[in-house]
Amino acid sequence: MRHRRSLPRLGDRSTFKSSVTVFSSTNSFAIRDGVLVPSETPESPTRMLSALTSRDAVVAAMVEYDTLGQAAFLSKYGFGEARSYFLVHDGKEYDSKAITGVAYKNQHGTLLGAHDFSGGEATVRRKLRSLGFEVRSERNPSWVRDEVILALDLYMRFGAIGKTHPEVIQLSEILNGLPIHTDTRFRSDFRNPNGVGMKLSNFLALDPAYAGAGLKAVSRLDEIVWEEFHNDPERLAILAAAIRLGATMEVVEIPVDDEDEAQEGRILTRLHKSRERNQKLVAKRKAQRRAECGGALSCEACGFDFVVKYGERGDGFAECHHKIPLAESGDTTTRLEDLAILCANCHRMVHVRKPMLAVDELKSLIGNL
Ligand SMILES: [Zn+2]
Ligand SMILES: [Zn+2]
């Protein structure tokens, strides 16, 4: 059926023939004998969206999305990432417009492309809701390294267990209690057992021991953590235990940048920094260092002394480094002998790559041992 509405006459322009098509942001028209009429191909996009009536077509689009992974799916069909609305299905989030466009193709044979939508994402949301799907306007925050470590640890011990398994339910509770996504307003489905179960099944795609196809919704971070730990489940278990322990400890609020997070995960990095900023202990260690060095507060690795370089401004300045990684000690009390006095450069170099260097290793690296 043709889309009808009253249209402006363009006057007597008999030179125009029926072949000219004009696109507007909402509809497309053809000029036929000098009169604008709705064109038949392409049809009005709004009308095309209303022709999407098959729930199965939407589900099929999500299955393809899962198989290809988000990036490949979006690029195959020429869509960008959704900005405002996400289709939520089985604990996973999908770019709503791309799914809708591909669902239309599944039902009618032609893709509803990224530029064929008239009403923007709000129209897409209405359509998907009318088909019985849940559409939300906020994404859950991406998994960070600490969370992936905990999930992989569970996978290594139990495999891809599902949302009803007690261990999955427990991990869901732990993830909800981690001091990581504290700036995010949590939604009821944040890291719920369903989402945790989906995360575990992601590892199947990376696991050569698994014969099936596996979901391809694997993130780069999933791959990195898998590569790092799948041959070393013991170290993984120790680190996971330390993260769980560290998560329950009171720490000073210290921002952790991406570079730090890439190493020990946010919780242990923050805990490490927090221990290095225990003011009483740091003051004691600095006094001890001065006593060892005849009054100077020099770097234990390279000997740099801030007061020598910067004069009065550098007096009393040095960083304090905690030598025992929490993942090794499993112990949360800080002793004076665990602290080393380092200059800012040496401290950075100790932490810049994993594993963290021992102070003596750094000394030998710079030929100062
Ligand atoms: Zn130094
Ligand atoms: Zn340190």
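Residues numbered from 1 in each chain as written. Chains lettered and ligands numbered in written order. Predicted model: local features only at pLDDT ≥ 70, side-chain atom pairs only at ≥ 80, totals over all residues.

Take the overall build of the protein next. When helices and strands are tallied, the protein shows 17 helices and 8 strands. In the protein, buried positions account for 29% of the 369 residues. Look at the contacts in the protein between residues 6 or more apart in sequence, and 60% of them connect residues 24 or more apart. (Helix = DSSP H or I, 4+ residues; strand = E, 2+ residues; numbered from the N terminus. Buried ≥ 20, exposed ≤ 12 C-beta atoms within 10 Å, placed from the backbone. Contact = placed C-beta atoms within 7 Å.)

Let's shift gears to the packing of helix H6 (residues 145–158) against helix H10 (residues 233–247). Two numbers describe how H6 lies on H10: the axes approach to 9 Å, and their chain directions differ by 130°. On the basis of the axis angle, H6 is oblique to H10. As for how H6 packs across H10, the hand of that crossing is left-handed. Residues Asp146, Ile149, Leu150, Leu152, Asp153 and Met156 of H6 lie in contact with H10, whose contacting residues are Pro233, Leu236, Ala237, Leu239, Ala240 and Ile243. Looking at the contact of H6 with H10, its residues break down into 10 nonpolar, no polar and 2 charged. (Axes fitted to C-alpha atoms, helices over the stretch in contact; angles between N-to-C directions. Parallel < 35°, antiparallel > 145°, perpendicular 65-115°, else oblique. Left-handed = near helix turned anticlockwise from the far one by under 90°. Nonpolar A, V, L, I, M, F, W, Y, C, P; charged D, E, K, R; others polar.)

This part is about the environment of Leu369. Within the fold, Leu369 resides in the segment after helix H17 (359–365). Accessibility expressed as a C-beta count within 10 Å gives 11 for Leu369, which makes it exposed. Setting aside residues up to four positions removed in sequence, Leu369 forms contacts with Asp360, Lys363 and Ser364.

As a further point, take the pairing of strand E4 (residues 86–89). Here E4 runs beside strand E5 (residues 92–95); their pairing, made up of 4 bridges, is antiparallel. For His89, the partnering residue across the bridge sits in E5 and is Lys92. In sequence, E4 turns back onto E5 through a hairpin of 2 residues, with Asp90 there showing a positive phi of about 50°. Looking at chain direction, E4 and strand E6 (residues 134–136) are connected through 3 bridges and run antiparallel. Across the sheet, residue Phe86 finds its bridge partner in E6, namely Arg136. (Pairing = 2+ DSSP bridges.)

Before going further, it helps to examine the sheet that holds E5. With respect to topology, 3 strands assemble into an open sheet ordered E5-E4-E6, the strand pairing being antiparallel. Only two strands of the sheet have a single neighbouring strand rather than two, namely E5 and E6. Averaged over all adjacent pairs, the angle separating strand axes in this sheet is 40°, with direction ignored.

Right, let's talk about helix H13 (residues 279–292) for a bit. If you check H13, its first and last C-alpha atoms are 20 Å apart, about what 14 residues at 1.5 Å a residue would give, namely 20 Å. Gly294, located one to two residues past H13, shows a positive phi value of around 60°. (Expected span 1.5 Å × (residues − 1).)

Looking now at the nonpolar core. Looking at soluble globular proteins, one finds that nonpolar side chains tend to be buried together. Counting residues in each nonpolar core, the largest one holds 31 residues, and the members touching the most others are Ile149, Leu150, Ala151, Leu152 and Ile243. Secondary structure elements with two or more residues in this core: H6, helix H7 (166–177), helix H8 (193–202), helix H9 (220–229), H10, helix H12 (266–276) and helix H15 (326–329). Among the elements that line this core, the one with the most residues is H6, at 7 residues. If you count residues domain by domain, this core takes at least three from each of domain 3 (145–247) and domain 4 (261–365). For Ile149, the residues in contact, after removing those within four places along its chain, are Val225, Leu236, Leu239, Ala240, Ile243 and Gly265. Of all hydrophobic cores here, the second largest spans 23 residues; its members include Leu52, Phe73, Phe86 and Ile99. (Core = buried A, V, L, I, M, F, W, Y, C linked by C-beta atoms within 7 Å. Domains from an automatic or database assignment.)

Quick look at the confidence of the model for the protein now. Looking at the protein, pLDDT values average 81 and 79% of them are 70 or higher. Averaged pLDDT values over the elements of the protein bottom out at 41 in strand E1 (residues 20–23) and peak at 96 in H6. The model gives residues 1–30 a pLDDT under 50, and that stretch makes 42 contacts with residues more than four places away or in other chains. The model gives residues 37–42 a pLDDT under 50, and that stretch makes 15 contacts with residues more than four places away or in other chains. (pLDDT = per-residue confidence, 0-100.)

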